[in-house]
Amino acid sequence: MKCLVINLDRSADRLAEVTAEFARIGIPFERVAAIDAATGAPVIAPPLTEAEVCCFLSHRLCWQIIADGPDRYGVVFEDDVVFSHDAGPMLADDSWIPRDADVVKLETFFVPVRLGGRHVPVKNGYSATRLFGQHMGACGYILSKKAAQKLLKSTRRLKATVDFVLFSPTEMTTARSTTYQLMPALCAQAQFVAENGGPATLIQFAPPPPRNKRILDRIQAEATRALARLRNRNFFATQKIDAVPLRFPLAMQADIDPNPIPALA
């Protein structure tokens, strides 16, 4: 399966960091040029900001590559990803991915999340568990070809940020998908794990303050959440646990191959 990395043309520092990360785990990647909010968003989609629109459209570029490609699955990363020390074998093939998976979330935000009670061993001590609660972030996730095709159709109009569309049970796109969380997490954003936070990504900005939703929007969100629980029969078969720990030395603390695997054109 192909690894895609979203990176802005003006973020050369982030490209260098992410290239070192992939070299450390021995996996090649393909760079996807992100759509830059600095030049203005190509579409207006209130209530999303220009940065949120451009971030979403950048992810859609990756979805299109996966939808059009020959592989059953593809992996999408943002350019501030930091990997677990043993991430390489997990990204080298897709044989371990549950066959019913639409999305597999690889990262952690280090917050409590609601998961299914059944942990399915997959490979190298990792397990896959159904993700039922909200777990934000779109720094690292696996997407099936079929799911990519469905997401492209259902997001022609942008109504929420990309991580909400993928990982919030209040969104219909999430409610209709079979989503897993990899345990322990394979990656995280550099801001959570590096001592200095690493070079800041420009793909996403800090989230805006919470927006006051209309009563109708709140009712729709709760109805969607109820549909997700009914579809997945997960009213009771869930557990709320702390996000799983990462296991690595960071790239900046490791000996890096002087001849790293280059990004694909």
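Residues numbered from 1 in each chain as written. Predicted model: local features only at pLDDT ≥ 70, side-chain atom pairs only at ≥ 80, totals over all residues. Heavy atoms only, no water.

## So, the packing of aromatic side chains
Moving on, step 1. The final tally for this structure, using the stated rule, is 8 aromatic pairs.
Moving on, step 2. Both rings, one in F22 and one in F77, keep their centres 5.7 Å apart while their planes meet at 75°; by these two values the pair is edge-to-face. With F22 in helix α1 (residues 12-25) and F77 in strand β3 (residues 73-78), this residue pair connects regions lying 55 residues apart in the sequence.
Moving on, step 3. Accessibility expressed as a relative area gives 0% for F77, which makes it buried.
Moving on, step 4. Seen from the ring of F167, K105 lies directly overhead, with NZ or CZ sitting 4.0 Å from the centre.
Moving on, step 5. Over the ring of Y180 we find R130; its NZ or CZ atom is 5.8 Å from the centre of that ring. (Phe/Tyr/Trp six-rings, centres within 6.5 Å; stacked < 30°, edge-to-face > 60°. Helix = DSSP H or I, 4+ residues; strand = E, 2+ residues; numbered from the N terminus. Buried < 20%, exposed > 50% of the residue type's maximum accessible area, 1.4 Å probe, protein only. Lys NZ or Arg CZ within 6 Å of the ring centre and 35° of its normal.)

## Details of α1
Moving on, step 1. The end-to-end C-alpha distance of α1 is 20 Å, a good match for the 20 Å that 14 residues give at a rise of 1.5 Å each.
Moving on, step 2. Taken as a whole, α1 has its buried residues at R14, V18, T19, E21, F22, A23, R24 and I25.
Moving on, step 3. Contact partners of the buried residues in α1: β1 (2-7), β3, β4 (81-83) and α3 (87-92).
Moving on, step 4. Residue G26 follows α1 closely and has a positive phi angle near 75°. (Expected span 1.5 Å × (residues − 1). Contact = heavy atoms within 4.5 Å.)

## What about the environment of P184?
Moving on, step 1. Inspection of the secondary structure assignment puts P184 in the loop between β9 (179-183) and β10 (187-189).
Moving on, step 2. Of the residues examined, P184 reaches a relative accessible area of 15% and is grouped as buried.
Moving on, step 3. With 58 residues separating them in the primary sequence, P184 and Y126 have C-alpha atoms 6.2 Å apart.

## Re helix α2 (residues 50-68)
Along an α-helix, residues three or four positions apart point the same way, because every turn accommodates 3.6 residues.
Moving on, step 1. With 19 residues, α2 extends 27 Å from end C-alpha to end C-alpha; this agrees with the ideal 27 Å at 1.5 Å per step.
Moving on, step 2. Judged by how many residues are buried, α2 sits mostly within the fold: 14 of 19 residues are covered.

## Brief notes about the environment of E107
Moving on, step 1. For E107, the position within the fold is in the loop between β5 (103-105) and β6 (113-123).
Moving on, step 2. Not counting the four nearest positions on each side in its chain, E107 is found in contact with H135, M136, G137, A138, C139, G140, Q181, A185, C187, A188 and Q189.
Moving on, step 3. A polar atom in the side chain of E107 sits 2.7 Å from the backbone nitrogen of C139. (Polar contact = N/O pair within 3.5 Å; in protein donor to acceptor, adjacent residues only side chain to side chain.)

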